[in-house]
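Listed below, chain by chain, are the residues.
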Protein chains: 2
Amino acid sequence: MHVEPVLTANQQLVFKALGDAEAPLSAYTILERLQGKGIKAPLQVYRALEKLIDFGLVHRLESLNAFVVCDHHGDHTQHPVAFAICDSCGLVAEFVDSSVQEGLSRWTTGHAFRPKRVTVELRGLCETCDGASK
Amino acid sequence: MHVEPVLTANQQLVFKALGDAEAPLSAYTILERLQGKGIKAPLQVYRALEKLIDFGLVHRLESLNAFVVCDHHGDHTQHPVAFAICDSCGLVAEFVDSSVQEGLSRWTTGHAFRPKRVTVELRGLCETCDGASK
DNA sequence: AGTCGTGACGTTATTACATTACATAATTCA
DNA sequence: TGAATTATGTAATGTAATAACGTCACGACT
Ligand SMILES: [Zn+2]
Ligand SMILES: [Zn+2]
Ligand SMILES: [Zn+2]
Ligand SMILES: [Zn+2]
């Protein structure tokens, strides 16, 4: 198991905004959506995001400069994760693949590289959107 | 084999700047280094980079917002590639791993996801820098 | 020669993303 | 309680990327 961290007011706001969204949100989009609810400046959003990411509750999508809530309740317990992102509808699938893990860890150990952060992102079309673009 | 594309003046400048660099460069760093050599505005750099990436001569590192010259002379012939990036010295190792490939392609086919672009980036410490931080 | 399409180029302005700096309040805990 | 730590608020600034123009060079065709 793992404990649920206590979220501050700002963190709750940001977390909820991400949870309510249908697709990844940029920091400034979060800001827009929280204007008037106590959030007024970019830094409030970025600070909340930083913590939420630390807690494992939120992921940053590097190829998008955007953020999504974790699909696994923040319970990764190590395993780096991969994302498939639909460029059409914004759907994000979060997954872990042992073959990918092994490939990467074999390479890193073989080359004495000490990884701190792993980014695996697939950009493309989800089944629905791909089918629709016939 | 594959043909070497003809580069325009701006493209040559940007390509050379990247080739001369010891580490990935951001677009604006490239701009700085090319001031006075005919490059004056961000867009000149971005347009050149776009083409160089199209040609496969340059890669964009998403987790860094920066660019490096391709290690394989742009000869990828499909295979998406992975990067190990040292956060201390900026060293970038470009590699292809079949186990990673297979893991990703198995997932995408299994989920009917059509990938257009793949990002795999490891951020951490290279052997040298990790050893030095004892 | 004249027109046209195409692709690269140049310039300015603007948008989008992220951090620095500094002052202030709240919380924790010895 | 009082020091240390953590969260906040606000403004300004820094960095990355694109929009929106218009121009120029060049080869293809009429
Ligand atoms: Zn997750
Ligand atoms: Zn879709
Ligand atoms: Zn390459
Ligand atoms: Zn290093």
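Residues numbered from 1 in each chain as written. Chains lettered and ligands numbered in written order. Predicted model: local features only at pLDDT ≥ 70, side-chain atom pairs only at ≥ 80, totals over all residues. Heavy atoms only, no water.

**Q** Would you explain helix H1 (residues 9-20) of chain B in this entry?
**A** Spacing of three or four residues puts side chains on the same side of an α-helix, whose turn is 3.6 residues. All names here are of chain B. The terminal C-alpha atoms of H1, which comprises 12 residues, lie 16 Å apart, in line with the 16 Å expected from a rise of 1.5 Å per residue. Three or more residues of H1 are buried, namely Gln11, Val14, Ala17 and Leu18. For H1, the angular spread of buried residues about the axis comes to 130°, placing them on one side. For H1, the exposed residues lying more than 90 degrees away from the buried face are Ala9, Lys16 and Asp20. (Helix = DSSP H or I, 4+ residues; strand = E, 2+ residues; numbered from the N terminus. Expected span 1.5 Å × (residues − 1). Buried < 20%, exposed > 50% of the residue type's maximum accessible area, 1.4 Å probe, protein only. Arc of directions from axis to C-beta.)

**Q** Honestly, the protein's contact with DNA strand D in this entry has me stumped. Any pointers?
**A** The local shell around DNA strand D holds 14 residues, among which Thr8(A), Gln44(A), Arg47(A), Tyr28(B) and Arg60(B) are the closest. A breakdown of the atoms of DNA strand D within 4 Å of the protein gives sugar and phosphate a share of 46%. Within the side chain of Thr8(A), a nitrogen or oxygen atom sits 2.5 Å from a phosphate oxygen of DNA strand D. In the model, a phosphate oxygen of DNA strand D is placed 2.8 Å from a nitrogen or oxygen of the Tyr46(B) side chain. Counting only elements with at least two residues in the surface near DNA strand D, the list comes to helix H3 (42-55) of chain A together with helix H3 (42-55) of chain B. (Near = heavy atom within 4 Å. Polar contact = N/O pair within 3.5 Å; in protein donor to acceptor, adjacent residues only side chain to side chain.)

**Q** Even after reading the chapter, I still don't get the interface of chain B and chain A, so can you show me in this structure?
**A** Size of an interface: often given as the accessible area lost when the parts come together. Chain B puts 33 residues into the contact, and the matching count from chain A is 33 residues. Of all residues in chain B, Trp107(B), Phe113(B) and Leu122(B) bury the most surface against chain A, accounting for 20% of the area lost on that side. Where chain B touches chain A, the interface holds two salt bridges. Measuring nitrogen to oxygen at the nearest pair gives 2.9 Å for the salt bridge that ties Asp130(A) to Arg114(B). Run the count over chain B and chain A and you get 13 residue pairs in polar contact (both at pLDDT 80 or more). Of all the elements in the fold, those that place two or more residues in the side of chain B that touches chain A are strand S3 (82-86), strand S4 (92-95), helix H4 (98-110), strand S5 (114-125) and helix H5 (127-132) of chain B. If you tally residues by element for the side of chain B that touches chain A, the top one is S5(B), at 12 residues. Pairing of strand S5 (residues 114-125) of chain A with S5(B), which is carried by 11 bridges, proceeds in the antiparallel orientation. Each residue of the ladder has a partner; that of Pro115(A), found in S5(B), is Gly124(B). (Contact = heavy atoms within 4.5 Å. Buried area = accessible area lost by both parts, 1.4 Å probe. Salt bridge = Lys/Arg side-chain N within 4 Å of Asp/Glu carboxyl O. Pairing = 2+ DSSP bridges.)

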